[in-house]
Amino acid sequence: MPKQLNFFLKDPRHSFALPFASFLPIALALCAISCSSPPPVKKTQTRATSSPVRSTPTPVKEIPRKSSPPLAVPMCPKMKISNRPATTNGIFKRAISTACVNGVNLLIAPVGNACFSSGFGMRGRSFHKGIDYHHRSGTAVYAAAPGKIVALNYRPMDFGKWIILDHGNSVYSAYAHLASYTKNIKKGDRVARGQKLGTMGKTGATTRAIHLHYEVRQGKLGANISSYFKLKSIDLIKQPSYCR
Ligand SMILES: [Zn+2]
């Protein structure tokens, strides 16, 4: 027993400590085995225990817009929608955001926040050769697939400010009634899928609310851009989802 402890115990004032002192060497020996500091436990290992672990959920990384188009588009409320696609609870859903036209995958809804306002097919007495998306305050319009701008001009008699993209494989997409173009884009530019082309508006001959008229056509475009209107119109919603 250490001298200091011996001296301490011999002092009658400390006699109460004697019973504890006799156990002290045993306690010290046991502690040498069991009281050593456990190895540091990593935080991730504690999750395996049954007790609830409060942790901050890992934030989901926001995927860039170009690869994250909407898969679900609501039908516009209080609007008469011609040729409306099949919906679930008023929402048009697809597992994949694209449709395949002659080897080109095109976004079904190349827009930001918007609702579906008109489908492809007969609308009244005329044939609607595209799909319309509406948002009352206008919203972004994106390129549906990689391509080249082959037209970017103003047609007051119908499409207003519009853009035609050439995607190769004789596939073209057009975006009409735009309120504005993205700054600095011009005819001849190459664009990526999801690149912003402008904002939806109501330019040209339209009595409808702000909307994007979006259409896809297939065929051979001649030297004159007006030959675009002779190309075959495609009902995008009826196309397979993805080119294999
Ligand atoms: Zn339209």
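Numbering of residues starts from 1 in every chain and runs along the sequence as written. In view of the model being predicted, local features appear only for residues whose pLDDT reaches at least 70, and side-chain atom pairs are presented and counted only at 80 or more, with totals across whole chains, interfaces and linings using the full set of residues.

Re the overall build of the chain
Note the cut-off: Segments assigned H or I by DSSP are reported as helices when at least four residues long, segments assigned E as strands when at least two residues long, and all are numbered from the N terminus. To sort residues by burial, count the other C-beta atoms lying within 10 Å of each one's C-beta; a count of 20 or more means buried, 12 or fewer means exposed, and anything in between means partly exposed. C-beta atoms are built from the backbone. Residues are scored as being in contact if the C-beta atoms we place from backbone atoms lie within 7 Å.
In terms of regular secondary structure, the chain is built from 2 helices and 16 strands. Counting only residues that meet the buried cut, the chain has 28% of its 244 residues in that class. Looking at the chain alone, contacts between residues at least 24 apart form 62% of all its contacts between residues at least 6 apart.

Here we look at the environment of Ala-144
Considering the arrangement of structural elements, one finds Ala-144 in the loop between strand S9 (140-142) and strand S10 (147-155). What makes Ala-144 buried here is the crowd of 32 C-beta atoms within 10 Å. Other than its neighbours up to four places away in sequence, Ala-144 contacts Leu-106, Leu-107, Pro-110, Ser-173 and Arg-193.

Topic: the nonpolar core
What counts here: Under the definition applied here, buried Ala, Val, Leu, Ile, Met, Phe, Trp, Tyr and Cys residues are grouped into a nonpolar core through C-beta atoms within 7 Å.
In this structure, Leu-106, Val-111, Tyr-133, Val-141, Ile-163 and Tyr-175 are the most contacted members of the largest nonpolar core, which totals 44 residues. Broken down by element, this core gets its largest block of residues, 6 residues, from strand S12 (residues 171-181). With sequence-adjacent residues up to four places away left out, Leu-106 is seen in contact with Thr-98, Ala-99, Val-101, Ala-144, Ala-145, Ser-173, Val-216 and Leu-236.

Comments concerning the confidence of the model for the chain
The following threshold applies: Residue-level confidence of the predictor, termed pLDDT, takes values from 0 up to 100.
The predicted model of the chain averages 79 in pLDDT, with 71% of residues at 70 or higher. Counting interchain partners and residues more than four positions distant, the pLDDT-below-50 stretch residues 1-55 has 10 contacts. pLDDT under 50 marks residues 57-68. Its contacts with residues more than four places away, or in other chains, come to 7 contacts.

Some details on unusual backbone geometry
With a phi close to 50°, Asn-83 is a non-glycine residue in the positive phi region. Relative to the helices and strands, Asn-83 is located in the loop between strand S1 (72-74) and strand S2 (91-93). Even without being glycine, Asn-89 reaches a positive phi, approximately 55°. Topologically, Asn-89 is positioned in the loop between S1 and S2. Overall, Asn-89 belongs to the exposed group, with 7 C-beta atoms counted inside 10 Å.

Observations regarding the environment of His-134
Looking at where His-134 falls in the secondary structure, it is placed in strand S8 (residues 131-134). Taking the number of C-beta atoms within 10 Å as the measure of exposure, His-134 has 22 and is therefore buried. C-alpha of His-134 to C-alpha of Ser-117: the two residues are 17 residues apart in sequence and 6.0 Å apart in space. Among all residues touching His-134, those that are not within four sequence positions of it are Cys-76, Ala-114, Cys-115, Ser-117, Ala-209, Ile-210 and His-211.

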